[in-house]
Amino acid sequence: MQGKTCLVTGANRGIGYHVALGLAQRGARVLVHARTAARAAEAAAAIRAESGNDAVEGVHADFLHQAEVRALAAQVHERTDRLHVLVNNAGAYFMYRQTTDGDHEATFAVNHLAPFILTNALVDLLTASAPARVIMVSSEAHQRTGNVEDWESRTSYSGYGAYARSKLANIMFTYDLAHRLEGTGVTVNACHPGVVDTGIIEQGLSRWWTRWLIPLAKRFAIPPAEGAETPLYLATSPEVEGVSAKYFKRKRPATSSLVSHDATIGARLWNISLRYTGQLSEVEITGEHIVG
Ligand SMILES: NC(=O)c1ccc[n+]([C@@H]2O[C@H](COP(=O)([O-])OP(=O)(O)OC[C@H]3O[C@@H](n4cnc5c(N)ncnc54)[C@H](OP(=O)(O)O)[C@@H]3O)[C@@H](O)[C@H]2O)c1
């Protein structure tokens, strides 16, 4: 990865830290994103020390605030005119329904709207750096999604339901963006990292009647370094050069849910994502660009 510039979101802990570390160990220049400047600086210093690679820098944004995500894209543009790998890894699980300052449901805002804004804002750097790769860290949780198009859980809320829908949105965004970027040399793939012993397991089981499951889940979960293997494979392996619009598990192509391939729902998701991020007002787009 010498000569490559990479950005990993949510890289101050968990899977993202080990993805950023793995890229730094392979010689890449790595922009390490975290929610705050202090966390980003601390993570970048730890990765520099652990990898021996000095080309590791912190960048920051709280994904609950769209203005901060746009400012992150601006920070990246200031630091580099090339971006070969973007790993959209940051993610959160909210036990109770919360909304952002822009009145969006927090899970959808952090897990889908933020990477939607960031990736679209960095497409110019990615295409200028082709061959380039975008990796979306999704989850098998997307397979168990009800009320699919209630993206913001307006009818009813469960932490798991909101999380699963946001991870479905990650895959639908992957497929749609991959088609839009066909012929540019930028590939877009999604993956499930495995059940990994990170903060998300604790967030997901934090109700008093499920807390007893945390030690059990942790016993069966893989360590974060192992959880980083599939995203790292997608970011670095020559085996997936040119491969796009796929979902991977354990470094192999896997089948995502039937609904994740529904191009009409995918186009409606793209449309509402544009609207919710202030990039589209009332214009409706159709699925024609990806159907057939
Ligand atoms: N762990 C699993 O079993 C599992 C399974 C399938 C998929 N995944 C996916 O893997 C990805 C990484 O999660 P993880 O398991 O490594 O969990 P984690 O240890 O909780 O890490 C999540 C990362 O996302 C960041 N993040 C959360 N909310 C943010 C916000 N508002 N603004 C900016 N950054 C924010 C966190 O930053 P802070 O430290 O500031 O909170 C942290 O860096 C997620 O997309 C998750 O959905 C995990």
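Look above for the structure.
Along each chain, residue indices are assigned from 1 in the same order as the chain's sequence is written. Thresholds applied to this predicted model are a pLDDT of at least 70 for local features of residues and 80 or more for the giving and counting of side-chain atom pairs; totals over whole chains, interfaces and linings are not thresholded and use all residues.

Topic: the overall build of the chain
In this text, helices come from DSSP runs of H or I with a minimum length of four residues, and strands from runs of E with a minimum of two, each type numbered from the N-terminal end. Broken down by element type, the chain carries 10 helices and 8 strands. Dimensions of the chain, computed from C-alpha atoms along their principal axes, come out at roughly 50 × 50 × 35 Å. Exposure is read from a count of other C-beta atoms within 10 Å of each residue's own; the residue is exposed at 12 or fewer, buried at 20 or more and partly exposed in between. C-beta atoms are placed from the backbone. Within the chain, buried positions represent 48% of all 292 residues. Considering only contacts in the chain between residues 6 or more positions apart, those separated by 24 or more positions represent 69%. Think of it this way: build a C-beta for each residue from its backbone, and any pair within 7 Å is a contact.

Focus: the sheet that holds strand 1 (residues 5–8)
Note: strands within a sheet are paired through backbone hydrogen bonds, in either parallel or antiparallel orientation. The 8 strands lie next to each other as 3-2-1-4-5-6-7-8, forming an open sheet whose pairing is mixed. The sheet is open, and its two borders are formed by strand 3 (56–60) and strand 8 (252–254), each paired with just one other strand. When the angles between neighbouring strand axes are averaged without regard to direction, this sheet yields 25 degrees. Here an axis means a line fitted to C-alpha atoms, over the contact stretch when the element is a helix, while the angle between two N-to-C directions is reported on a 0 to 180 degree scale. With respect to the sheet, helix 1 (residues 14–25) is in contact with strand 1, strand 2 (29–34), strand 3, strand 4 (85–88) and strand 5 (132–137), its orientation differing from that of strand 1 by roughly 170 degrees. Across the face of the sheet, helix 5 (residues 159–180) comes into contact with strand 5, strand 6 (186–192) and strand 7 (246–249) while running at roughly 160 degrees to strand 6. When DSSP finds two or more bridges between a pair of strands, those strands are recorded as paired.

Considerations on the site of the ligand
Near residues are defined by distance alone, with the backbone-placed C-beta atom required to lie within 6 Å of the molecule or strand. Taken together, 27 residues lie around the ligand, and G10, G14, G91, T198 and G199 are the ones closest in. Residue assignment for the shell around the ligand shows that the elements contributing at least two residues are helix 1 and helix 6 (199–204). The residue makeup of the shell around the ligand, split by class, is 13 nonpolar, 10 polar and 4 charged. Put simply, Ala, Val, Leu, Ile, Met, Phe, Trp, Tyr, Cys and Pro go in the nonpolar bin, Asp, Glu, Lys and Arg in the charged bin, and everything else, Gly too, in the polar bin.

Observations concerning helix 10 (residues 263–276)
For a helix, the expected span equals 1.5 Å multiplied by the residue count minus one. In this model, helix 10 (14 residues) spans 19 Å end to end at C-alpha, consistent with the 20 Å of a helix rising 1.5 Å per residue. Close packing links the buried residues of helix 10 with helix 4 (106–128) and helix 5. A positive backbone phi angle near 70 degrees is found at G278, which sits one or two residues after helix 10.

Concerning the pairing of strand 6
The element strand 6 is extensively covered by neighbouring structure, given that 7 of its 7 residues are classed as buried. Here strand 6 shows no split at all, with V186, V188, A190 and H192 on one side and T187, N189 and C191 on the other all buried. Pairing geometry for strand 5 and strand 6, over 6 bridges, is parallel. Across the sheet, residue M136 finds its bridge partner in strand 6, namely A190. Think of it like this: strands point away, you trace from the first strand over the helix to the second, and a clockwise trace means the crossover is right-handed. You can see the chain leave strand 5, run along helix 5 and come back into strand 6, and the turn it takes is right-handed.

Digging into helix 3 (residues 66–79)
One full turn of an α-helix is made of 3.6 residues, so residues set three or four places apart face in the same direction. Helix length check: helix 3 (14 residues) gives 20 Å between terminal C-alpha atoms against 20 Å at 1.5 Å per residue, within 8%. All buried positions along helix 3 are accounted for by Q66, V69, L72, A73, Q75 and V76. For helix 3, the arc enclosing every buried residue in end-on projection is 170 degrees, short of the 170-degree limit, so these residues lie on one face. What points out from helix 3, more than 90 degrees from its buried face, is the exposed set A67 and E78. The directions from the helix axis to the C-beta atoms form the arc being described.

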